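# Observations on chain architecture
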Amino acid sequence: GPTWLDTFQAVLPLAEKKQVLLLTPSAEVTALHHTQPQNIMALTTYFSSSREVHALMQALHQAGVRRVIGTYTEEPFFQLLKVLVEEEAKKLGIQILENEDFDFGNTDFNSFMTRAKRKNPEAILLLQTEEGTVRSFLRARKQYFPEVILAGCQDFEGFLRIPELRAIAHHVTATPGGLG
């Protein structure tokens, strides 16, 4: 079956028309519920990002966090995570002060950090997928937000295993990779 079905959905209308069952190893199941057509026949072995986002936001809520800024990679999967974060934040009474989308591989966060600092967040969600972006963000965060909680999911825990990144990451909340 198709991989990355949550991101590349061009096959869905054809699969529906031909009544083809899609089996995919890496499509986020929540994306399949937010798609057109609604009655596609698809099974995925990928873990539930909605459960992972719930765990992450619940951890922030339990830590007393009520004011959050979200940062996301500007691509469909991370845009879906943004929707899930917004839904979960609303349930928990967590205010999303701002959401910022960054191009894949972005390494310049100075203007964002200057603007975000004025909003006084208690946590920043770092939902990025590229190591250089995470490294640059952690360095900028050390200067602008050394005491603000940094939270992430998906590959974030793996980034924290890299010694250089672990050394500059503190006050961090992350879900275990593949939580579901």
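Read across the sheet, 5 strands follow the order β4-β3-β5-β6-β7 without closing on themselves; strand pairing throughout is parallel. Edge positions in the sheet fall to β4 (95-102) and β7 (172-174), since each has one partner strand and no second. Shown here is a sheet whose adjacent strand axes are inclined to one another by a mean of 20°, direction ignored. On top of the sheet, helix α4 (residues 76-92) reaches β3 (67-73), β4 and β5 (123-127); it is set at about 165° to β3, its chief contact.

What follows is about the packing of helix α5 (residues 110-117) against helix α6 (residues 131-144). Between α5 and α6, the least distance of the axes is 10 Å, while the angle of their chain directions is 40°. Regarding α5 and α6, the two cross each other, and that crossing is right-handed. Only Phe137, Ala140, Arg141 and Tyr144 of α6 make contact with α5, whose side of the interface consists of Asn110, Phe112, Met113, Thr114 and Lys117.

The topology assignment puts methionine 41 in the loop between α2 (29-33) and β2 (42-44). The exposure class assigned to methionine 41 is partly exposed, which follows from its relative accessible area of 34%. Spatially, the C-alpha atoms of methionine 41 and glutamine 19 are 7.5 Å apart, while their sequence positions differ by 22 residues. Leave out the neighbours within four places in its chain, and methionine 41 touches Gln19, Val20, Leu21 and Leu22.

As a further point, take unusual backbone geometry. Of note, the phi angle at glutamine 19 is positive, near 55°, even though the residue is not glycine. Note on placement: glutamine 19 falls in the loop between α1 (12-18) and β1 (22-24). The phi torsion at asparagine 120 lies on the positive side, around 55°, for a residue other than glycine. Among the secondary structure elements, asparagine 120 is positioned in the loop between α5 and β5. Residue asparagine 120 is classed as exposed on the basis of its relative accessible area, which comes to 54%.

Definitions and limits used
- Residues numbered from 1 in each chain as written.
- Predicted model: local features only at pLDDT ≥ 70, side-chain atom pairs only at ≥ 80, totals over all residues.
- Heavy atoms only, no water.
- Pairing = 2+ DSSP bridges.
- Helix = DSSP H or I, 4+ residues; strand = E, 2+ residues; numbered from the N terminus.
- Axes fitted to C-alpha atoms, helices over the stretch in contact; angles between N-to-C directions.
- Contact = heavy atoms within 4.5 Å.
- Left-handed = near helix turned anticlockwise from the far one by under 90°.
- Buried < 20%, exposed > 50% of the residue type's maximum accessible area, 1.4 Å probe, protein only.

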